[in-house]
Amino acid sequence: MPLPGDWEGGGPHGLPLSFELTRRHGHLVASSIAVGYPQSCPADERDAEAVALTDTSYAGPGGLHSAGPFERSSAAVLPGREAGSSATTFLTIITGRFSSARSGCCTR
């Protein structure tokens, strides 16, 4: 199970990813997520722009909900909306798995 705290690392295509897991009512929740979006093609972390996500949630080990269709023992899902948008087309879903309590990997 992942530990609460700040998680920093590489997301899809090596772009920056940052999120925080905190405990609420005995379960892990995502309190903030920022993901890198490429400004060029192919994606390059040097040209990425960090975008904050709102309406975030967390499903996975230690969370209130399971990871649903992505279910594996260490699977996790971090969905959210791009800040300032309300359309469902701006929904971002980051999936991955935790390899230990302090590390993991993801895809989008």
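Residues numbered from 1 in each chain as written. Predicted model: local features only at pLDDT ≥ 70, side-chain atom pairs only at ≥ 80, totals over all residues. Heavy atoms only, no water.

Caption draft 1: Spotlight on the pairing of strand 5 (residues 75-82). Burial analysis of strand 5 places six of its eight residues in the buried class, which makes it a mostly covered element. Alignment of strand 4 (residues 49-54) against strand 5, held across two bridges, turns out to be antiparallel. Note on strand 5: the bridge partner recorded for threonine 54 is arginine 81. Relative to strand 6 (residues 91-98), strand 5 runs antiparallel, the two being bridged by seven bridges. Looking at the pairing, proline 79 lines up with isoleucine 93 of strand 6. (Buried < 20%, exposed > 50% of the residue type's maximum accessible area, 1.4 Å probe, protein only. Helix = DSSP H or I, 4+ residues; strand = E, 2+ residues; numbered from the N terminus. Pairing = 2+ DSSP bridges.)

Caption draft 2: Geometry of the nonpolar core. In this structure, Phe19, Leu21, Ile33, Tyr58 and Leu78 are the most contacted members of the largest nonpolar core, which totals 16 residues. Where this core is concerned, the elements lending two or more residues are strand 2 (16-24), strand 3 (27-37), strand 4, strand 5 and strand 6. Of all the elements, strand 3 adds the most residues to this core, at five residues. Once residues lying within four places of it in the same chain are set aside, the contact partners of tyrosine 58 are Pro2, Leu21, Leu28, Val29, Ala30, Gly63, Ala76, Val77, Leu78 and Phe98. (Core = buried A, V, L, I, M, F, W, Y, C linked by side-chain atoms within 4.5 Å. Contact = heavy atoms within 4.5 Å.)

Caption draft 3: The arrangement of the pattern of salt bridges in detail. Here the structure, examined in full by the defined rule, presents one salt bridge. A salt bridge links aspartate 55 to arginine 81; the nearest nitrogen and oxygen atoms lie 4.0 Å apart. Highlighted residues: aspartate 55 in the loop between strand 4 and strand 5 and arginine 81 in strand 5, separated in sequence by 26 residues. A residue is classified by how much of its surface remains accessible, and arginine 81, at 22% relative accessible area, is partly exposed. (Salt bridge = Lys/Arg side-chain N within 4 Å of Asp/Glu carboxyl O.)

Caption draft 4: Spotlight on the packing of aromatic side chains. Evaluation of the coordinates by the stated rule reveals two aromatic pairs. Summarising the aromatic geometry, the rings of tryptophan 7 and phenylalanine 19 are spaced 5.8 Å apart at their centres and angled 5° between planes, so their arrangement reads as stacked. A residue pair is termed long-range when its members are at least 10 positions apart, and tryptophan 7 in strand 1 (residues 5-10) and phenylalanine 19 in strand 2 qualify at twelve residues. Of the two residues, tryptophan 7 and phenylalanine 19, both sit in the buried class. Where tryptophan 7 meets phenylalanine 98, the ring centres are 5.1 Å apart and the plane angle is 65°; that geometry is what we call edge-to-face. In this pair, tryptophan 7 sits in strand 1 while phenylalanine 98 sits in strand 6, placing the two residues 91 residues apart along the sequence. The exposure class assigned to tryptophan 7 is buried, which follows from its relative accessible area of 10%. Residue phenylalanine 98 is classed as buried on the basis of its relative accessible area of 11%. (Phe/Tyr/Trp six-rings, centres within 6.5 Å; stacked < 30°, edge-to-face > 60°.)

Caption draft 5: Up close: unusual backbone geometry. Of note in the backbone geometry, histidine 25 takes a positive phi value of approximately 55° without being a glycine. If you trace the backbone, histidine 25 turns up in the loop between strand 2 and strand 3. Phi at aspartate 55 takes a positive value of approximately 50°, unusual for a residue other than glycine. Given a relative accessible area of 62%, aspartate 55 falls into the exposed group.

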